[in-house]
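# Observations on the three-dimensional arrangement
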Amino acid sequence: MQLVQQILFVILAATAVWVFARKVGAIRRNINLGRDEELKDNPGARWRNTLLMAFGQKRMFDKPLVGLLHFLVYAGFVIINIEILEIILDGILGSHRLFAPTLGTFYTFVINFFEILAFLVLASCVVFLLRRNVVRVKRLNMPELNGWPRSDANFILSWEILLMSLFLVMNAADKALQLRGYGHYGEVQTADFWVSGIITPIFAGFNTSTLVGVERSAWWLHIAGIFVFLNYLPYSKHLHIILAFPNTYFARLKPQAEMTNMPEIQQEVLYAMQPELAPTGDAAAEGHKRFGAKDVADLSWKNLLDAYTCTECGRCSQACPATQTGKKLSPRKIMMDTRDRMEEIGVAREKNGGTIQEDGKTLLHDYITTEELWACTSCQACVQACPVLINPLSIINQLKRYLALEESNQPSEWNGMYSNVENNFAPWKFSPDDRANWALELNEEGS
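The rules behind these values
- Residues numbered from 1 in each chain as written.
- Predicted model: local features only at pLDDT ≥ 70, side-chain atom pairs only at ≥ 80, totals over all residues.
- Heavy atoms only, no water.
- Helix = DSSP H or I, 4+ residues; strand = E, 2+ residues; numbered from the N terminus.
- Expected span 1.5 Å × (residues − 1).
- Domains from an automatic or database assignment.
- Buried area = accessible area lost by both parts, 1.4 Å probe.
- Salt bridge = Lys/Arg side-chain N within 4 Å of Asp/Glu carboxyl O.
- Patch = residues over 30% accessible without salt bridge, like charges linked within 9 Å, V, L, I, M, F, W, Y side chains within 5 Å.
- Areas by Shrake-Rupley, 256 points an atom, 1.4 Å probe, with all protein chains shown as cover.
- Buried < 20%, exposed > 50% of the residue type's maximum accessible area, 1.4 Å probe, protein only.
- Contact = heavy atoms within 4.5 Å.
- Phe/Tyr/Trp six-rings, centres within 6.5 Å; stacked < 30°, edge-to-face > 60°.
- Lys NZ or Arg CZ within 6 Å of the ring centre and 35° of its normal.
- Lys, Arg positive; Asp, Glu negative; His and termini not counted.

Moving on, we come to helix 15 (residues 331-351). One full turn of an α-helix is made of 3.6 residues, so residues set three or four places apart face in the same direction. Counted at 1.5 Å a residue, the expected span for helix 15 with its 21 residues is 30 Å, and the 31 Å between its end C-alpha atoms agrees. Two residues or fewer after helix 15 comes Gly 353, characterised by a positive phi angle close to 70°.

Dropping the structure here:
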């Protein structure tokens with residue numbers, strides 16, 4: 001029987017890792033749809049971002065209570081799952097609490113520490129469920145979250161509550177069997193557990209076979225639940241648990257409000273000011289390069305990594321003045337749409353044997369509308385608000401550039417300004433020679 005359990009465990013673990021690796025590979029290929037962008041400078045500053053933003057969750061603490069609860073869920077869940085190592089080894093070797101004899105009293109301390117974290121994670125997840133579904137915090141109940149995104153968040157929170165509960169029930173039943181000195185449970189004696197010890201007396205009236213069934217069921221369901229959670233992550237917004245680290249490391253280090261200019265446009269302005277520098281002949285006849293972005297392949301791999309890293313927390317949309325004044329724009333939706341478009345292309349590519357075929361759709365227009373884009377004022381509020389250094393504005397600006405430079409599709413009020421800049425090198429309808437004439441009146445008044 002023990003050998004059968006070991007074989008089943010190895011099969012379960014191997015299958016979970018294989019399925020997870022396949023999906024991770026698909027996500028990697030989707031991110032690589034983007035054009036290249038060099039982001040390897042200043043590794044010291046990049047590691048600092050990773051430590052402060054991903055590990056330390058610095059920006060989460062602008063809302064102290066929410067930041068603390070989120071930190072407890074994140075750090076607690078990660079730390080608790082260190083005990084997965086023991087479960088995996090127990091499952092493979094057919095042992096029970098492998099590390100207990102070696103670590104002695106320290107083992108009990110570690111498990112007690114894990115139990116306290118488990119209770120805090122459980123309590124925090126309950127609070128988050130109430131915030132979403134009873135208190136109904138505005139940013140967690142916006143239109144773009146209708147349907148699957150809202151169900152996804154509730155499912156993950158409920159799953160974490162279930163996993164923590166199974167962990168505590170497993171320990172409580174184990175301790176009850178230790179007290180009875182039953183089989184290998186009696187061979188590994190630990191001190192009382194601080195949290196699960198509270199519910200251990202509940203099992204006093206259970207017969208031994210039932211108690212073994214409870215402990216084994218909790219053990220199997222806990223590790224199976226971890227494997228299910230692992231394979232659910234790539235389909236969920238909670239993929240940020242993993243991607244927050246590379247995303248913060250590769251965040252752009254330029255000053256936040258500094259726009260990235262297009263070299264081709266800079267050259268055009270230079271040639272207008274200094275025509276003698278303009279290329280001639282074959283150089284001038286080179287093929288046209290697309291300005292801005294129309295679909296995900298026109299964005300950079302970092303833009304696409306941003307989209308997969310989005311936590312859907314809504315802090316960007318909460319900070320966005322366009323969103324808050326009733327405009328159609330929501331920076332969170334921009335990131336969700338970009339990710340959905342990548343997934344659509346990726347699924348089609350897998351069906352076509354790895355070949356990408358045109359499907360008649362684009363990120364611009366089919367997913368994100370011009371009304372959303374032109375509502376953006378480029379104020380950088382969304383960039384400043386993101387806890388994992390995502391930059392929705394970069395995507396928005398590239399899509400707007402395509403609209404303006406490729407489709408001449410911009411608010412009509414802007415056309416006059418564009419014409420003046422092209423002809424007069426300034427937004428005003430004055431020739432360069434007459435631009436300073438307004439000051440003559442000042443000179444006359446002064447005299």
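Read on, since the account is not over.
Another aspect to go through is the domain arrangement of the chain. Many structure descriptions define interface size as the accessible area lost when the parts assemble. Considered domain by domain, the chain is made up of domain 1 (1-32 + 63-250) and domain 2 (289-410). On a C-alpha basis, the centroid separation for the pair domain 1 and domain 2 is 34 Å. Carbon and sulfur atoms supply 54% of the area that domain 1 and domain 2 bury against each other, a total of about 2400 Å² over both sides. A salt bridge links Lys 23 to Glu 343; the shortest N-O distance between them is 3.1 Å.

The next subject is a nonpolar patch on the surface. Judged by side-chain polarity, Leu 103, Phe 106, Phe 109, Phe 113, Ile 116, Phe 119, Leu 120 and Trp 194 come together as a nonpolar surface patch covering roughly 770 Å² of accessible area. Examining the composition of the nonpolar patch, we find that six residues originate from one element, helix 6 (residues 105-135), more than from any other. Positionally, Phe 109 belongs in helix 6.

We now examine the side chain of Lys 23. Inspection of the secondary structure assignment puts Lys 23 in helix 1 (residues 2-31). Judged by its relative accessible area of 12%, Lys 23 falls in the buried class. Beyond its immediate sequence surroundings of up to four residues, Lys 23 is in contact with Pro 234, Tyr 235 and Glu 343.

Applying the stated criterion to the full structure yields 18 aromatic pairs. An angle of 80° between the planes, with centres 5.2 Å apart, marks the rings of Trp 219 and Trp 220 as edge-to-face. Here Trp 220 falls in the partly exposed class, since its relative accessible area comes to 23%. Taken together, the ring pairs connect Phe 9, Trp 219, Trp 220 and Phe 227 into an aromatic cluster. A cation sits over an aromatic face here: Arg 216 above Trp 219, 4.7 Å from the ring centre.

Within the element layout of this structure, Glu 83 appears in the loop between helix 3 (64-80) and helix 4 (84-93). Despite its burial, Glu 83 pairs with no opposite charge, the nearest such side chain being Arg 97 at 7.1 Å. If sequence neighbours within four positions are ignored, Glu 83 has contacts with Phe 114, Phe 167 and His 222.

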